[in-house]
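One-letter residues, chain by chain:
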Amino acid sequence: MKINYEQTFPHYSRSLDFEQLVRDYPPPPEYFQSVMRMPRHELDALKNKRFLATVKRGWEIPFFQKHWGAVGLEPGDIRSIADIEKIPPYTVHDIRKSLERNPPFGDFMGIAPGGDNPIPLVLHTSGGTTGLPRPMLYAPQDRETMTILSARRYAMQGMVPGDKVLVALSLGLSNGGFAARDCLWKYMGAVPVMTGGGSSTPTRRQIEIIKAWGVNYILGFPAYLRHMAIVARDELGIDPHSLGIKALGSHIGVEDRTKIEALWNADCYDSYGTNESGMMAQDCEFKNGMHINEDAVLLEIADPETGKLQPEGEKGTIYITTFYRYGAPQIRFNVNDISAIMPGTCECGSTHKRLEKIFGRNDNMVKLRGANVFPEAIGVAVAEDARSNGEFFCMVDRVGEDARDEMVVMVELRDPAADGAAVKTDLERRLKEVIGVRVTVEPAAIGDLDQHTGTSQTSKIKRLLDRRK
Ligand SMILES: [Zn+2]
């Protein structure tokens, strides 16, 4: 191979004005004294300015030119954030179409590898459950701001320099583990211990590492945090309380955080982020709704059927608009997660609005004999029953001559000697109350559902198989 000795190589440290970045998006502790407490009128003015800059950037990107042009939108039509509803939302289906139309990275990125003036890029993917994962390229501006937003989260959730943090999030194509690593060592002074999920480092080994190296903070999904504590207690004879974990950083959704907190004797904090947008919202020490990083993202709540914006307190699907992304800005991306804006203010002094918990995914929702059923809600009811270890899996089938829709909920029981028939009766009654339709409960032994859920292997747990499709 012939080497071109004149080739330009981009340097990461020169790719961005880092001092400007931290003025624009202050990390902790500056964040606590500035943007976090910014008066609403100032914050709204900042949002408006950044929104208009984002729309301007959108007009440079073919995906938005087409999507907006199709409804007759023209540059100049959007004069302030009050005009936002003129902009048509899009979903993951539009992103998939863009990827098919313009392989391999679609026409929504606005950046591409190589070229005359290359910029440093990193690729991660969504943890999609259908088809190939969706690629996402991050330019330095995108990556670094995401990293700062994560730092705000961890600092608000009690992490300090010197903490040793077990990152039990997947390593590989997905963003989860790497985004945490970037943040912990660049902006927190905390030490990432990159065990990854159970498929990277067996759970028993993770617990040995916690004990040996004095890990005091864990990042992981709820099911894996539960699994780890139970493996420590039941398989290794180690009381999780003795491990000195001070906090758990998670994405709780509708899971019961008090169960996880009791297992570890540690606070468990909620947060909301996606591959497209980084860390968007996190709860503070009061654990009462997740503060939205309003200087960096705009979250709208819309009726899933009509697209009409919902008032505070009303549930709907989330539309994401990013203010900080140069590559692949998101402008009214209907991410299909269901939540609501929480009315009122928080004792911590943040002026940023709060998002309620994530109630589930609109496209995870199953129609069962006329009722809308979220597997996440089933999980809460299962976890409430002390006879189960919280592991469950739902299977939906069309059965019989009358093609009746039936759901079977398999539930792992903690104790092999437990009265399965009693659990079945009680849980079937409870689930009828919670979800409004009758389902069949089938007790299972510990570990039996792993083949369906992948709990010991992956941080992205599967809870549902719809076999009607
Ligand atoms: Zn707060």
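Scoring rules and cut-offs
- Residues numbered from 1 in each chain as written.
- Predicted model: local features only at pLDDT ≥ 70, side-chain atom pairs only at ≥ 80, totals over all residues.
- Helix = DSSP H or I, 4+ residues; strand = E, 2+ residues; numbered from the N terminus.
- Rg over C-alpha atoms; globule rule 2.2 N^0.38 Å.
- Contact = placed C-beta atoms within 7 Å.
- Buried ≥ 20, exposed ≤ 12 C-beta atoms within 10 Å, placed from the backbone.
- Pairing = 2+ DSSP bridges.
- Core = buried A, V, L, I, M, F, W, Y, C linked by C-beta atoms within 7 Å.
- Axes fitted to C-alpha atoms, helices over the stretch in contact; angles between N-to-C directions.
- Parallel < 35°, antiparallel > 145°, perpendicular 65-115°, else oblique.
- Nonpolar A, V, L, I, M, F, W, Y, C, P; charged D, E, K, R; others polar.
- Arc of directions from axis to C-beta.

Caption draft 1: Spotlight on the overall build of the protein. A tally of regular secondary structure across the protein gives 13 helices and 22 strands. The C-alpha atoms of the protein give a radius of gyration of 23 Å, which matches the 23 Å a tight globule of 469 residues would have. Oriented by its inertia axes, the alpha-carbon framework of the protein measures out at about 70 × 60 × 55 Å. Residue pairs at least 24 apart in sequence account for 63% of intrachain contacts in the protein once pairs closer than 6 positions are excluded.

Caption draft 2: Looking closely at the pairing of strand 13 (residues 331–339). For strand 13, the tally of buried residues reaches eight of nine residues, placing the bulk of the element in the interior. Sheet analysis places strand 13 next to strand 16 (residues 360–361), joined by two bridges and oriented antiparallel. In the sheet register, Asp 337 faces strand 16, and the bridge partner there is Arg 361.

Caption draft 3: Just the nonpolar core, in detail. Counting 88 residues, the largest nonpolar core has Val 165, Leu 166, Ile 218 and Leu 248 as its most contacted members. With 22 residues, the next largest nonpolar core counts Ala 381, Val 382, Val 409 and Leu 464 among its residues.

Caption draft 4: Quick look at the sheet that holds strand 4 (residues 191–193). The strand order across the open sheet built from five strands is 4-3-5-6-7, with neighbouring strands paired in parallel fashion. With partners counted over all chains shown, the strands left at the sheet margins are strand 4 and strand 7 (267–269), one partner each. Looking at each pair of strands side by side, their axes are set apart by 25° on average, direction ignored. Examined bridge by bridge, strand 3 (residues 164–167) and strand 4 share three bridges and lie parallel to one another. Within strand 4, the position partnered with Lys 164 by the bridge is Val 191.

Caption draft 5: Examining the sheet that holds strand 21 (residues 440–445) more closely. The mixed open sheet is built from four strands, whose spatial order is 21-20-19-22. Edge positions in the sheet fall to strand 21 and strand 22 (464–466), since each has one partner strand and no second. When the angles between neighbouring strand axes are averaged without regard to direction, this sheet yields 20°. As paired elements, strand 20 (residues 404–413) and strand 21 share six bridges and run parallel to each other. When the sheet's bridge partners are listed, Met 410 is paired in strand 21 with Glu 442. Its contacts with the sheet place helix 11 (residues 375–384) against strand 19 (388–399), strand 20 and strand 22, and it is angled at close to 135° to strand 19.

Caption draft 6: A look at the packing of helix 6 (residues 140–156) against helix 7 (residues 176–188). At their nearest, the axes of helix 6 and helix 7 sit 9 Å apart, and the two run at 75° to each other. As judged from the angle between their axes, helix 6 and helix 7 are roughly perpendicular. Note on element contacts: helix 7 touches helix 6 through Ala 179, Ala 180, Asp 182, Cys 183, Lys 186, Tyr 187 and Met 188, opposite Met 146, Thr 147, Ile 148, Ser 150, Ala 151 and Tyr 154. By residue class, the composition of the contact of helix 6 with helix 7 is nine nonpolar, two polar and two charged.

Caption draft 7: A look at unusual backbone geometry. Cis geometry is found at the peptide bond from Pro 28 to Pro 29, where omega equals 5°. Within the secondary structure, Pro 29 sits in the loop between helix 1 (18–24) and helix 2 (30–33). Of note, the amide linkage connecting Pro 103 to Pro 104 takes the cis form, showing an omega dihedral of 0°. Tracing the sequence through the fold places Pro 104 in the loop between helix 5 (92–101) and strand 1 (122–125). Positive phi is not limited to glycine here, since Lys 287 has a value of about 50°. Residue placement: Lys 287 occurs in the loop between strand 9 (278–283) and strand 10 (290–292). Owing to 15 C-beta atoms within 10 Å, Lys 287 belongs among the partly exposed residues under this scheme.

Caption draft 8: Broad picture of helix 8 (residues 203–213). Within the sequence span of helix 8, burial applies to Thr 203, Gln 206, Ile 207 and Ile 210. One side of helix 8 holds all its buried residues, which, seen down the axis, span an arc of 95°. Projecting away from the buried face of helix 8 at angles above 90 degrees are the exposed residues Arg 205, Ala 212 and Trp 213. Positioned one or two residues after helix 8, Gly 214 has a phi angle of 70°, which is positive.

Caption draft 9: Just the environment of Ser 339, in detail. Relative to the elements of secondary structure, Ser 339 occurs in strand 13. What makes Ser 339 buried here is the crowd of 22 C-beta atoms within 10 Å. Placed 21 residues apart in sequence, Ser 339 and Gly 360 show a C-alpha to C-alpha distance of 7.9 Å.

Caption draft 10: Up close: the pairing of strand 19. Judged from the nine bridges that link them, strand 19 and strand 20 form a sheet pairing that is antiparallel. Within strand 20, the position partnered with Arg 398 by the bridge is Asp 405. Linking two consecutive strands that pair antiparallel, namely strand 19 and strand 20, is a turn of four residues; a positive phi of about 75° is found at Gly 400 within it. Where strand 19 lies against strand 22, three bridges are found, and the strand directions are parallel. Bridging from a neighbouring strand, Cys 394 pairs with Leu 464 of strand 22.

Caption draft 11: Fine view of the environment of Gly 379. Assignment of secondary structure puts Gly 379 in helix 11. For Gly 379, the residues in contact, after removing those within four places along its chain, are Val 254, Glu 255, Phe 392 and Arg 463.

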